[in-house]
Amino acid sequence: MTHYPVKMDVVPEVEAFFDEVSNTLSYIVTDPATKACAIVDSVMDIDYAAGRITSDHADRMIGMIEERGLTLEWIIETHVHADHLSAAPYIQERLGGKIGVGEKIIEVQDVFGKVFNEGTEFQRDGSQFDRLFTDGDTYRIGDMEVFVIATPGHTPACMVHVMGNAAFVGDTLFMPDGGSARADFPGGDAGELYDSIMKVLSLPGEMRLFMCHDYGPGGRDIQWETTVAEEKANNIHVGSGKTREEFIQFRTERDAQLSMPKLIIPSLQVNMRAGEIPTDDDGNPMLKVPVNGL
Ligand SMILES: [Fe+2]
């Protein structure tokens, strides 16, 4: 597991943006040597009850990039999120950059293309994205080399992106007192999630880990940054030597009690299209609700 091209001496600047509705963290990650940056896991605001989509969260990120004179090269999705809409196309239209996701997006599109009874015009080949990453792929943000680790378990397309001494873990681990992501969505698997988390924990102990979500367990303030060493020692689901079997049993029992994320229906339809809103036959933006379909 130590074959990863880790460069701990490269220290990117990381700005976090918290979305209180979905408890999601979005990041602007800037190469220390150039003014190139990437956005990880952007958020588009939705008032689902009203069917209204707005862009305040994304506009704050765009504002900071413009203010600092950064060049946006990548818009990364760690996975197809089920709890918020991606703002990737909105941001791309304004700042450019390539939208990237894990290649297993094809499996996700296949599963949810059926759930939402999408017609043949919905391509299930990942072509809505500019780049599909495979395990071990590399790319650059300015002069900074990034590598990706396939981390299935929460969803098939989950990827961790390692940028210098900072890893963006998506939905694998949460903060040590938050444990781990659920593994009960279609294509999810608790055993796979455990194996993926072990890959993340095989990175150097001082590697900074940036969460995709934090729910402030026990009423504490929202946190989003920890380290591999901290997680290994203290993570309540996988830390201090918990076995794979223990994890699978715990995760499966816990997941059976969780309700669906409030925004799963709009999120999946939009995010499996790289953040584009689906349209009806007349070209109007329109979302569906499959009854008893999830
Ligand atoms: Fe997720």
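Refer to the structure printed above.
Residues numbered from 1 in each chain as written. Predicted model: local features only at pLDDT ≥ 70, side-chain atom pairs only at ≥ 80, totals over all residues. Heavy atoms only, no water.

A. How the structure looks around the coordination of the iron ion. Here the iron ion is held by the protein donor atoms H79 (NE2), H154 (NE2) and D171 (OD), which lie 2.0 to 2.5 Å from it. The sequence motif formed by the donor residues of the iron ion is H-x74-H-x16-D. Of this pair, H79 sits in the loop between β6 (71-76) and α2 (88-95) while H154 sits in the loop between β10 (144-150) and β11 (159-163); the two residues are 75 residues apart in sequence, bridging distant segments of the chain. Residue class for H79 comes out buried when judged on its relative accessible area of 2%. You can call H154 buried: its relative accessible area is 5%. (Donors = N, O, S within 2.8 Å, 3.2 Å for Na, K, Ca; no water. Helix = DSSP H or I, 4+ residues; strand = E, 2+ residues; numbered from the N terminus. Buried < 20%, exposed > 50% of the residue type's maximum accessible area, 1.4 Å probe, protein only.)

B. Molecular detail of the packing of helix α4 (residues 190-201) against helix α6 (residues 244-255). Relative to each other, α4 and α6 sit at 125°, their axes nearing to 9 Å. For the element pair α4 / α6, the angle class is oblique. The interaxial crossing formed by α4 with α6 has right-handed handedness. Of α6, the residues touching α4 (which contributes A190, G191, E192, L193, Y194, D195 and I197) are R244, F247, I248, R251 and T252. When its residues are assigned to classes, the contact of α4 with α6 shows 6 nonpolar, 2 polar and 4 charged. (Axes fitted to C-alpha atoms, helices over the stretch in contact; angles between N-to-C directions. Parallel < 35°, antiparallel > 145°, perpendicular 65-115°, else oblique. Left-handed = near helix turned anticlockwise from the far one by under 90°. Contact = heavy atoms within 4.5 Å. Nonpolar A, V, L, I, M, F, W, Y, C, P; charged D, E, K, R; others polar.)

C. How the structure looks around the environment of A82. Looking at where A82 falls in the secondary structure, it is placed in the loop between β6 and α2. Exposure remark for A82: the relative accessible area of 7% places this residue in the buried category. Taking the C-alpha atoms as reference points, A82 and Y27, 55 residues apart in sequence, are found 18 Å from one another. Beyond its immediate stretch of four places on either side in the chain, A82 contacts F185, P261, L263, I264, S267 and L268.

D. Focus on the layout of surface pockets. In this structure, the largest pocket spans a volume of roughly 720 Å³. By residue class, the composition of the lining of the largest pocket is 12 nonpolar, 10 polar and 7 charged. E118, E121, R273, P278 and T279 are, among the 15 residues lining the second largest pocket, the residues nearest its centre. Residues of the lining of the second largest pocket, tallied by class, amount to 5 nonpolar, 4 polar and 6 charged. (1 Å grid on protein atoms, 1.4 Å probe; cavity = no way out; pocket = protein on both sides within 12 Å on 5 of 7 lines; lining within 4 Å. Points joined across faces, edges and corners; volume = space filled by probe spheres on them.)

E. Quick peek at empty space enclosed by the protein. In total, this model carries 3 cavities of 30 Å³ or more according to the counting rule given. Estimated volume of the largest cavity: approximately 80 Å³. Lining the largest cavity, in full, are V80, A82, V108, F112, T155, P156, F185, P186, I264 and L268. Of all the elements in the fold, those that place two or more residues in the lining of the largest cavity are α3 (105-115) and α7 (264-271). Lining the second largest cavity, in full, are P5, V6, K7, E145, V146, F147, V162, M163 and G164.

F. The arrangement of the pairing of strand β2 (residues 24-30) in detail. The element β2 is largely enclosed, with a buried count of 7 among its 7 residues. Alternating residues of β2 divide into T24, S26, I28 and T30 and L25, Y27 and V29, and every residue in both groups is buried. Examined bridge by bridge, strand β1 (residues 13-19) and β2 share 7 bridges and lie antiparallel to one another. Bridged to F17 within β2 is S26. Pairing analysis gives 4 bridges linking β2 to strand β3 (residues 36-40), with the strands arranged antiparallel. Within β3, the position partnered with T30 by the bridge is C37. Taken together, β2 and the strand that follows it, β3, pair antiparallel across an intervening segment of 5 residues. (Pairing = 2+ DSSP bridges.)

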